[in-house]
Amino acid sequence: MEQLGQYIGAGLATLGMGGAAIGVGNIFAQYLAGALRNPSAADGQFARLIFGFAVTEALGIFSLLVALLLLFAV
Amino acid sequence: MDPIHQFEIHPIIGTGAFAFTNSALYMAITVAVISLFLLLSTQRRALIPGRWQSLAEMCYEFTASTVRQSAGNDGMRFFPFVFSIFMFVLVANLIGLIPYTFSTTSQIVVTGALSLLVISVVIVYGFAKHGLHFLKLFVPHGIPVFLLPLVVAIEVISFLSRPVSLSVRLFANMLAGHITLKVFAGFVVQLAAAFGALGWVMAIMPLGMTIALSALELLVAVLQAYVFAILTCIYLNDALHPSH
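Residue numbers restart at each chain and count upward from 1, following the sequence in its written direction. Written order decides the labels, with chains lettered from A and ligands numbered from 1. Residues qualify for local features only when their pLDDT is at least 70, as the model is predicted, and side-chain atom pairs are given and counted only at 80 or more; totals for whole chains, interfaces and linings, by contrast, use all residues.

A. Molecular detail of the overall build of chain B. Per the secondary structure count, chain B includes six helices and two strands. The secondary structure elements of chain B, listed N-terminal to C-terminal, are β-β-α-α-α-α-α-α. Viewed in the frame of its principal axes, chain B has a C-alpha envelope of about 75 × 55 × 40 Å. Any residue pair is listed as a contact if its two C-beta atoms, each placed from the backbone, are within 7 Å. If you take every contact in chain B between residues at least 6 apart in sequence, the share linking residues at least 24 apart comes to 64%. Labels follow the DSSP assignment, with helices taken as runs of H or I lasting at least four residues and strands as runs of E lasting at least two, numbered in each case from the N terminus.

Put into structure tokens, the structure is as follows:
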């Protein structure tokens with residue numbers, strides 16, 4: 001019974017990755033839209049793109065971590 | 001077929017807390033590979049660089065331009081620090097991709113130690129250079145006074161979550177990538193074992209997926225090393241110029 005709860009909890013925790021997916025998709029979509037409008041400025045913003053990606057992705061990774069903790073550490 | 005099995009640490013020499021483990025062995029290999037690569041490739045310095053020398057120069061220039069862009073010219077005093085971290089994470093990630101090896105960056109202990117080192121350098125250097133003015137980092141300009149307690153609390157929490165997110169990002173990316181690879185590689189064996197000759201034909205799909213995932217993991221390995229380096233630069237930038 002306890003294990004059942006673990007599995008349900010881990011499955012629910014993975015839902016958080018959907019939010020990170022929306023965020024990361026949004027970042028790259030906006031970058032691409034901006035880059036197509038002004039291709040000469042695109043390369044200069046690559047570091048900011050990666051920074052935004054990393055910060056957003058961290059939240060998805062946190063939900064993966066919660067899922068893994070529920071499965072293996074609780 | 002346990003996908004977690006590959007992350008197990010077991011002692012090679014000695015026992016207990018001070019044993020020389022497989023994780024320590026691969027960290028030593030990583031450092032040895034970096035040292036040999038950089039020493040041998042820059043031994044015969046030519047004006048027109050050969051293949052190895054241009055690879056070493058590319059690593060140097062890439063990191064140098066990253067540091068200059070995100071921490072400014074006075075950030076270059078931290079170049080050796082950022083370069084060491086970048087090369088260590090990059091080579092550890094790449095070595096971990098070779099089958100039957102151990103990926104040290106998939107251990108939270110290793111990435112946690114790296115990110116604590118980064119944050120300690122930021123805090124110690126920030127206080128050493130700016131004294132108590134370093135605390136201006138938590139007080140942004142142009143905020144109404146009645147909002148200040150809330151904003152300062154948010155800034156402090158965001159600063160404290162940096163080492164956590166820095167270490168967990170690298171660790172979880174490597175862990176998730178290796179688990180996914182292992183699971184899809186396991187499907188190949190399971191299909192072949194369950195359906196015989198038909199299973200071998202069906203196993204082409206997960207095998208193709210494994211190859212595609214390996215390519216993705218190669219990208220992730222380089223990208224996460226770059227992300228680790230650039231976040232280090234951004235945090236160091238806070239220590240160098242705290243008031244904005």
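B. The overall build of chain A, seen in detail. When helices and strands are tallied, chain A shows four helices and zero strands. Moving toward the C terminus, one meets the helices and strands of chain A in the order α-α-α-α. For this measure, only C-alpha atoms enter the radius of gyration; the expected value for a globule follows 2.2 Å times N^0.38, where N is the number of residues. Taken over the C-alpha trace, chain A has a radius of gyration of 17 Å; the compact-globule value for 74 residues is 11 Å, which it surpasses by more than 25%. With respect to the three principal axes, the spread of C-alpha positions in chain A is 60 × 15 × 10 Å. Field definition: a residue is buried when 20 or more other C-beta atoms are found within 10 Å of its C-beta, exposed when 12 or fewer are, and partly exposed for counts in between, with C-beta atoms placed from the backbone. Within chain A, the proportion of its 74 residues that are buried is 12%.

C. Broad picture of the interface of chain A and chain B. Opposite the ten residues of chain A that make contact, chain B presents 14 residues. Under this grouping Gly is polar, as are all residues other than the nonpolar Ala, Val, Leu, Ile, Met, Phe, Trp, Tyr, Cys and Pro and the charged Asp, Glu, Lys and Arg. Taken together, the residues of the side of chain A that touches chain B sort by class into nine nonpolar, no polar and one charged.

D. Fine view of unusual backbone geometry. Backbone geometry places B:Tyr100, a non-glycine residue, at a positive phi of 70°. Of the residues examined, B:Tyr100 has 5 C-beta atoms within 10 Å and is grouped as exposed.

E. Inspection of the packing of helix α1 (residues 22-41) of chain B against helix α2 (residues 51-71) of chain B at higher detail. Residue and element names in this part refer to chain B. Lines are fitted to the C-alpha atoms to define the axes, a helix being fitted only along its stretch in contact, and any angle between axes, read from their N-to-C directions, falls within 0 to 180 degrees. Remark: α1 packs on α2, axes separated minimally by 8 Å, with the N-to-C direction vectors making an angle of 120°. Our pair here, α1 against α2, has a crossing hand that is left-handed. In this structure, α1 contributes Phe37, Leu38, Leu40 and Ser41 to the contact, and α2 contributes Trp52, Gln53, Leu55 and Ala56. The residue inventory of the contact of α1 with α2, partitioned by class, reads six nonpolar, two polar and no charged. Left-handed is the label given to a crossing in which the near helix is rotated counterclockwise from the far helix by less than a right angle, and right-handed is the label when the rotation is clockwise.

F. How the structure looks around the nonpolar core. By size, the foremost hydrophobic cluster in this structure holds 44 residues, and its most contacted members are B:Val82, B:Ile85, B:Phe86, B:Val89, B:Ala225, B:Phe228 and B:Ala229. Mapped onto this core, the elements with two or more residues apiece are α4 (46-73) of chain A together with α2, α3 (79-97), α4 (108-130), α5 (148-202) and α6 (204-240) of chain B. Each nonpolar core reported here comprises buried Ala, Val, Leu, Ile, Met, Phe, Trp, Tyr and Cys residues connected via C-beta atoms within 7 Å.

G. Inspection of the environment of B:Arg45 at higher detail. By secondary structure assignment, the location of B:Arg45 is in the loop between α1 and α2. The spacing of B:Arg45 and B:Leu223 is 178 residues in sequence and 29 Å in space, taken between C-alpha atoms.

H. Structural view of the packing of α2(B) against α3(B). Residue and element names in this part refer to chain B. Taken N-terminus to C-terminus, the directions of α2 and α3 make an angle of 120°; their axes are 10 Å apart at the nearest point. The orientation of α2 relative to α3 falls into the category oblique. In this structure, α2 meets α3 at a crossing whose hand is right-handed. Packed against α2, whose contacting residues are Cys59, Thr63, Ala64 and Val67, the element α3 presents Phe79, Val82, Phe83, Phe86 and Met87 at the interface. In terms of residue class, the contact of α2 with α3 is made up of eight nonpolar, one polar and no charged. With respect to orientation, any angle under 35 degrees is reported as roughly parallel, any angle over 145 as roughly antiparallel, any angle of 65 to 115 as roughly perpendicular, and every other angle as oblique.

I. Quick peek at the confidence of the model for chain A. Overall, the predicted model of chain A reaches an average pLDDT of 88, with 100% of residues at or above 70. By definition, pLDDT measures how confident the predictor is in each residue, and it falls between 0 and 100. Mean pLDDT in chain A bottoms out at α4(A), which sits at 83, and peaks at helix α2 (residues 16-37) of chain A, which reaches 94.

J. View of the environment of B:Cys233. Residues and elements named next belong to chain B. Note that Cys233 resides in helix α6. We classify Cys233 as buried; it has 27 C-beta atoms within 10 Å. Sequence spacing of Cys233 and Ser70 is 163 residues, and the spatial spacing of their C-alpha atoms is 6.0 Å. Sequence-distant contacts of Cys233, that is, excluding residues within four places in its chain, are made with Thr66, Val67, Ser70, Ala71, Gly75 and Val82.

K. Main features of the environment of B:Leu38. Residue and element names in this part refer to chain B. Note on placement: Leu38 falls in helix α1. The exposure class assigned to Leu38 is partly exposed, which follows from the 17 C-beta atoms found within 10 Å. The spacing of Leu38 and Glu57 is 19 residues in sequence and 9.4 Å in space, taken between C-alpha atoms.

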